[in-house]
Amino acid sequence: MDCRRFTEHHVAYVDSFLPHLEMEAMHAHLRACPRCARRDTAVRRGLMLARTLPSIRTSDDFMARLESRLQDVRSETPAHLPWAGAFAGAATCVALAVYALLSLRGQRPLEPLRLAPVVASVPEQQPSPIANAALLASVGVGMPVWPAVMAVGQAQMHLANLELQQPSAGDH
Amino acid sequence: MKRTAQQGVVTREQLRAADDAAVVASFLAGDERAFAVLVERYQTRLLNFIYRTIGDREKAEDLVQEVFIRVYRHLHRFDPSKKFSTWAYTIASNLAKNELRNRSRNPLVLFQTLSSRNEDDDRPLQFEDTTSRPDDLYRKRHLRALVEETVAQLPEHHRQVFVLRELEGKSYEEIAEITDCNLGTVKSRLNRARNAFAAIIEPGLRE
């Protein structure tokens, strides 16, 4: 053991709180190191003196003065219920909180929920697979049947597209 | 009238014999006499602790009163799983720290402290063996004054730990709780305080 380690453990050594092996190591260091031994002796002598310091006592009127002050405290709080003050305080806080909550509700009447307006946009128009002019021309000149079949199958979509292209009557 | 489950009225003697936790429980159950038992039990210990920390006897007594007033007001908040003594010492420690802080801001208090110390010197010593020879008596007084002066010279943080350990016999763990420090800090401060105490008092012992 070196002096640094001895110093680190000196508090516990003086109070005999070290394990047996460490106590032995501290003893051994003391025998080998006169400087640490001197310091150890000085500390122990100082502690011996400090611990013999006589106790002082309160003055004769201490209890009377304390009792007088306690009377003041009791007048604030019921004597048989020392916790009543805290209970009353907590109850007051709860009552205030409830009152505040109700007041806030009273000041703000329930308003209808306003939502952001829904914006509807015209969907992008899908190009019709059939050109109007071509269809009309094909009917008159007796073109093959398949364009006509296609025109019948997509007539609904075609009509809807036309409606969307034209402004509605209500807009005018 | 306070009653236990097994027997009838709890006497004052039974309260005195009970441990702190039981006395505190009695007080919280409404028995005012229990508070007087706590005062009897701790007034001297707290007075010595505060006095050794601040060095002013009168002020120390006022602060002990303040400790008990706070205990009375706030005992319902005390955690019964902890030691009452540690809680009481924590309140005392905080009051003593505040007093030292106020004193450093107000030089007038320093003057008052010196005055009360002089008055204190005129008081008869307690626990003195009156059959001792005059030179023994003188030596005892000299040693007592020397020790008190030496304690007073320790830096505040070291002094508090030193007083709690060496004069009040508190464990390291209790000191850590009272002073709101970790265990390592307590040991380190105690080590420094012990060395400083030894170094300061040694020249006085040679005189």
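Residues numbered from 1 in each chain as written. Chains lettered and ligands numbered in written order. Predicted model: local features only at pLDDT ≥ 70, side-chain atom pairs only at ≥ 80, totals over all residues. Heavy atoms only, no water.

A.B. asks: Help me understand the overall build of chain B, please; the structure alone is not making it clear to me.
C.D. replies: Of the regular secondary structure elements, chain B holds ten helices and zero strands. Each helix (α) and strand (β) of chain B, taken in turn from the N terminus, gives the series α-α-α-α-α-α-α-α-α-α. A burial count over chain B gives 48% of its 207 residues as buried. Pairs at least 24 apart in sequence give 59% of the contacts found in chain B among residues at least 6 apart. When the accessible surface of chain B is split by element, carbon and sulfur atoms take 50% of a total near 10,700 Å². (Helix = DSSP H or I, 4+ residues; strand = E, 2+ residues; numbered from the N terminus. Buried < 20%, exposed > 50% of the residue type's maximum accessible area, 1.4 Å probe, protein only. Contact = heavy atoms within 4.5 Å. Areas by Shrake-Rupley, 256 points an atom, 1.4 Å probe, with all protein chains shown as cover.)

A.B. asks: Got a minute to help me understand the overall build of chain A in this structure?
C.D. replies: Check the secondary structure of chain A and you find nine helices and zero strands. For chain A, the sequential pattern of α-helices and β-strands runs α-α-α-α-α-α-α-α-α. For chain A, with 172 residues in total, the buried portion stands at 23%. Summarising the internal contacts of chain A: among those between residues at least 6 apart in sequence, 48% fall at separations of at least 24. Working note: accessible area of chain A is about 13,100 Å², and carbon and sulfur atoms make up 63% of it.

A.B. asks: I would appreciate a short explanation of the pattern of salt bridges in the present structure.
C.D. replies: Pairing is possible between side chains of opposite charge, provided their charged atoms come close. Inspection of every chain in the model, using the stated rule, returns 26 salt bridges over all chains. Between R65(A) and D61(A) there is a salt bridge; the shortest N-O distance is 3.5 Å. Residue classification places R65(A) among the partly exposed residues on the basis of a relative accessible area of 30%. Across the pair R65(A) and E61(B) runs a salt bridge whose closest N-O atoms are separated by 2.8 Å. (Salt bridge = Lys/Arg side-chain N within 4 Å of Asp/Glu carboxyl O.)

A.B. asks: Looking at this structure, I do not really get the nonpolar core. What am I missing?
C.D. replies: As a rule of thumb, nonpolar side chains are buried together in soluble globular proteins. Core analysis: the biggest nonpolar cluster contains 67 residues, and I50(B), F68(B) and F84(B) have the highest contact counts within it. Sorting elements by how many residues they give to this core places helix 3 (residues 33-54) of chain B first, with twelve residues. Not counting residues within four places of it along the chain, the set of residues in contact with F68(B) comprises F62(A), L66(A), F35(B), L38(B), V39(B), Y42(B), Q43(B) and L46(B). Within the second largest apolar cluster, nine residues are counted, among which are A12(A), L18(A), M26(A) and C33(A). (Core = buried A, V, L, I, M, F, W, Y, C linked by side-chain atoms within 4.5 Å.)

A.B. asks: Looking at this structure, how should I read the interface of chain A and chain B?
C.D. replies: Put simply, an interface is often sized by how much accessible area is lost when its parts join up. Facing 38 residues of chain A, the contacting portion of chain B comprises 44 residues. Contact between chain A and chain B buries roughly 4,000 Å² in total, counting both sides, with carbon and sulfur atoms accounting for 60%. On inspection of chain A and its partner chain B, the count reaches eight salt bridges. Salt-bridge contacts for D15(A) lead to R165(B); the nearest nitrogen and oxygen are separated by 3.4 Å. (Buried area = accessible area lost by both parts, 1.4 Å probe.)

A.B. asks: Explain unusual backbone geometry to me, please; I cannot follow it from the model alone.
C.D. replies: Excluding glycine, most residues fall at negative phi; most peptide bonds, likewise, are trans. Here the phi dihedral of S16(A) falls at roughly 55°; this positive angle occurs in a residue that is not glycine. Note that S16(A) resides in the loop between helix 2 (10-14) and helix 3 (20-32). You will see that D180(B), though not glycine, has its phi angle at about 60°, which is positive. Structurally, D180(B) is set in the loop between helix 9 (172-179) and helix 10 (183-206).

A.B. asks: Just checking my understanding: could you explain the packing of helix 3 of chain B against helix 5 (residues 84-105) of chain B for this structure?
C.D. replies: The angle between the axes and the distance between the axes are what describe a pair of packed helices. Residue and element names in this part refer to chain B. Contact geometry of helix 3 with helix 5 gives a least axis separation of 10 Å together with a crossing angle of 35°. Of the two possible hands of crossing, helix 3 and helix 5 adopt the one that is right-handed. In this structure, helix 3 contributes L38, Y42, R45, L46, F49, I50, T53 and I54 to the contact, and helix 5 contributes F84, S85, A88, Y89, A92, S93, A96, E99, L100 and R103. The residue makeup of the contact of helix 3 with helix 5, split by class, is twelve nonpolar, three polar and three charged. (Axes fitted to C-alpha atoms, helices over the stretch in contact; angles between N-to-C directions. Left-handed = near helix turned anticlockwise from the far one by under 90°. Nonpolar A, V, L, I, M, F, W, Y, C, P; charged D, E, K, R; others polar.)

A.B. asks: Explain the packing of helix 4 (residues 34-51) of chain A against helix 10 of chain B to me, please; I cannot follow it from the model alone.
C.D. replies: The interhelical angle for the contact between helix 4 of chain A and helix 10 of chain B, taken along N-to-C directions, is 80°, at an axis separation of 8 Å. Put simply, helix 4 of chain A runs roughly perpendicular to helix 10 of chain B. Between helix 4 of chain A and helix 10 of chain B, the residues in contact are R39(A), A42(A), V43(A), R45(A), G46(A), L47(A), L49(A), A50(A) and R51(A) and R194(B), N195(B), F197(B), A198(B), I201(B), E202(B) and L205(B), respectively. The residue makeup of the contact of helix 4 of chain A with helix 10 of chain B, split by class, is nine nonpolar, two polar and five charged. (Parallel < 35°, antiparallel > 145°, perpendicular 65-115°, else oblique.)

A.B. asks: Would you mind going over the environment of L15(B) with me for this structure?
C.D. replies: Residue and element names in this part refer to chain B. Looking at the secondary structure, you find L15 in helix 1 (residues 12-17). The sequence separation of L15 and A36 amounts to 21 residues, and the corresponding C-alpha distance is 9.9 Å. If we skip the residues at most four places from it in the chain, L15 touches V10, V23, S26, D31, R33, A34, V37 and R41.

A.B. asks: What exactly am I supposed to notice about the packing of aromatic side chains here?
C.D. replies: Each aromatic ring pair is characterised by the separation of its centres together with the angle its planes make. Evaluated as defined, the whole model comprises 13 aromatic pairs over all chains. Ring plane angle 85° and centroid distance 6.0 Å describe the contact between F78(B) and F84(B), whose orientation is recorded as edge-to-face. Grouped by ring-pair contacts, the aromatic residues F62(A), F27(B), F35(B), F68(B) and Y72(B) constitute a single cluster. (Phe/Tyr/Trp six-rings, centres within 6.5 Å; stacked < 30°, edge-to-face > 60°.)

A.B. asks: Looking at this structure, how should I read the confidence of the model for chain B?
C.D. replies: Segments scoring low in pLDDT should not have their predicted coordinates read at a detailed level. All names here are of chain B. Taken as a whole, chain B shows an average pLDDT of 83; of its residues, 81% reach a score of 70 or greater. Mean pLDDT across the secondary structure elements of chain B bottoms out at helix 6 (residues 107-122), with 45, and peaks at helix 9, with 95. Overall, residues 3-7 carries pLDDT values under 50, and its contacts beyond four positions in sequence, including any with other chains, amount to four contacts. (pLDDT = per-residue confidence, 0-100.)

A.B. asks: Could you clarify how one ought to interpret helix 9 of chain B in this entry?
C.D. replies: Given 3.6 residues per turn, any residue in an α-helix points the same way as the ones three and four places further on. The element helix 9 of chain B is largely enclosed, with a buried count of six among its eight residues. Elements in contact with the buried residues of helix 9 of chain B: helix 2 of chain A together with helix 5, helix 8 (156-167) and helix 10 of chain B. D180(B) sits one or two residues past helix 9 of chain B and shows a positive phi near 60°.

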